[in-house]
Amino acid sequence: MDLLIRDLAVPTLSRGLFVAERYCAVLAQQAIARNVPWSTLLEARLSDLAPSFCEHIDGAIDVARSGLVALLDFADDVPITMDRDLAGIKARLAQTIEYVGQADGTVFIDTDEKVEYVVGTMLPAFYLHLASAHAVLRSIGAPIGKSDYLGDLGGLYSAV
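Residues numbered from 1 in each chain as written. Predicted model: local features only at pLDDT ≥ 70, side-chain atom pairs only at ≥ 80, totals over all residues. Heavy atoms only, no water.

### Brief notes about the pattern of salt bridges
Thinking step 1. What the rule picks out here adds up to five salt bridges.
Thinking step 2. Note that Arg6 and Asp7 form a salt bridge whose closest N and O atoms lie 3.7 Å from each other.
Thinking step 3. Here Glu43 and Arg45 are joined by a salt bridge, their closest N and O atoms 3.4 Å apart.
Thinking step 4. Accessibility expressed as a relative area gives 36% for Glu43, which makes it partly exposed.
Thinking step 5. Since its relative accessible area comes to 32%, Arg45 is described here as partly exposed. (Salt bridge = Lys/Arg side-chain N within 4 Å of Asp/Glu carboxyl O. Buried < 20%, exposed > 50% of the residue type's maximum accessible area, 1.4 Å probe, protein only.)

### Here's the deal with unusual backbone geometry
Thinking step 1. In the Ramachandran plot, Asn35 falls in the positive-phi region, its phi being about 55° despite a non-glycine side chain.
Thinking step 2. Within the secondary structure, Asn35 sits in the loop between helix H1 (5-34) and helix H2 (38-42).
Thinking step 3. Given the relative accessible area of 71%, Asn35 is considered exposed. (Helix = DSSP H or I, 4+ residues; strand = E, 2+ residues; numbered from the N terminus.)

### Quick look at H1
Thinking step 1. In a regular helix each residue adds 1.5 Å, so 30 residues correspond to 44 Å; H1 covers 43 Å between its end C-alpha atoms and thus fits that length.
Thinking step 2. Immediately beyond the C-terminal end of H1, within one or two residues, lies Asn35, with a positive phi of roughly 55°. (Expected span 1.5 Å × (residues − 1).)

### Focus on the packing of aromatic side chains
Thinking step 1. Per the counting criterion, the structure on display carries two aromatic pairs.
Thinking step 2. Between Phe126 and Tyr127 the ring centres are 5.7 Å apart and the planes differ by 70°, which places this aromatic pair in the edge-to-face class.
Thinking step 3. Note on Phe126: relative accessible area 0%, which makes it buried.
Thinking step 4. On the numbers, 6.3 Å between centres and 55° between planes, the contact of Tyr127 with Tyr149 is tilted. (Phe/Tyr/Trp six-rings, centres within 6.5 Å; stacked < 30°, edge-to-face > 60°.)

### Quick notes on the confidence of the model for the protein
Thinking step 1. Considering every residue of the protein, the mean pLDDT works out to 86; 89% of them sit at 70 or more.
Thinking step 2. Per-element confidence in the protein is highest for helix H5 (residues 112-139), whose mean pLDDT is 94, and lowest for helix H6 (residues 146-150), whose mean pLDDT is 83. (pLDDT = per-residue confidence, 0-100.)

### A short note on the packing of helix H3 (residues 53-72) against helix H4 (residues 86-103)
Thinking step 1. Here H3 crosses H4 at 20°, and the two axes come no closer than 10 Å. What the angle tells us is that H3 and H4 run roughly parallel. Relative to H4, H3 is oriented so that their crossing is left-handed. Along its contact with H3, which presents Cys54, Ile57, Asp58, Ile61, Ala64, Arg65, Leu68, Val69 and Leu72, the element H4 presents Ile89, Arg92, Leu93, Gln95, Thr96, Tyr99, Val100 and Ala103.
Thinking step 2. Residue classes in the contact of H3 with H4 are distributed as twelve nonpolar, two polar and three charged. (Axes fitted to C-alpha atoms, helices over the stretch in contact; angles between N-to-C directions. Parallel < 35°, antiparallel > 145°, perpendicular 65-115°, else oblique. Left-handed = near helix turned anticlockwise from the far one by under 90°. Contact = heavy atoms within 4.5 Å. Nonpolar A, V, L, I, M, F, W, Y, C, P; charged D, E, K, R; others polar.)

This is the structure we're talking about:
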């Protein structure tokens, strides 16, 4: 059985974006628990030169959207909110989850170049942003771990 790009990209991006939504909820919980503005935690970063939590979530969104545009050979003309607050990030995530979901039924034309792009560029970049957002949450003391990063695996690997 051949693995199709769609079968690799769409579920992976969807699951990762749901994880990013969960990370935003954890960030909001941390803001409440610490009695600090959520905007302060949105700008939390691992070092002075590293991107912020917000920038990593935006990076994951951008990789998902631009990756699908490259794979499907069509323009992403769906406008998304660009507000830099927690509500804006959550809205962008919801819009991107919907966008990725629409690609699920789309016919992808698999080529060696597209497979290389998905495996060698798109998914590593996507996971870099997701893992970095996870690390930022850990650095501020959020109680998250491996199962939060992996997200819902649909019952797979439940013993891990």
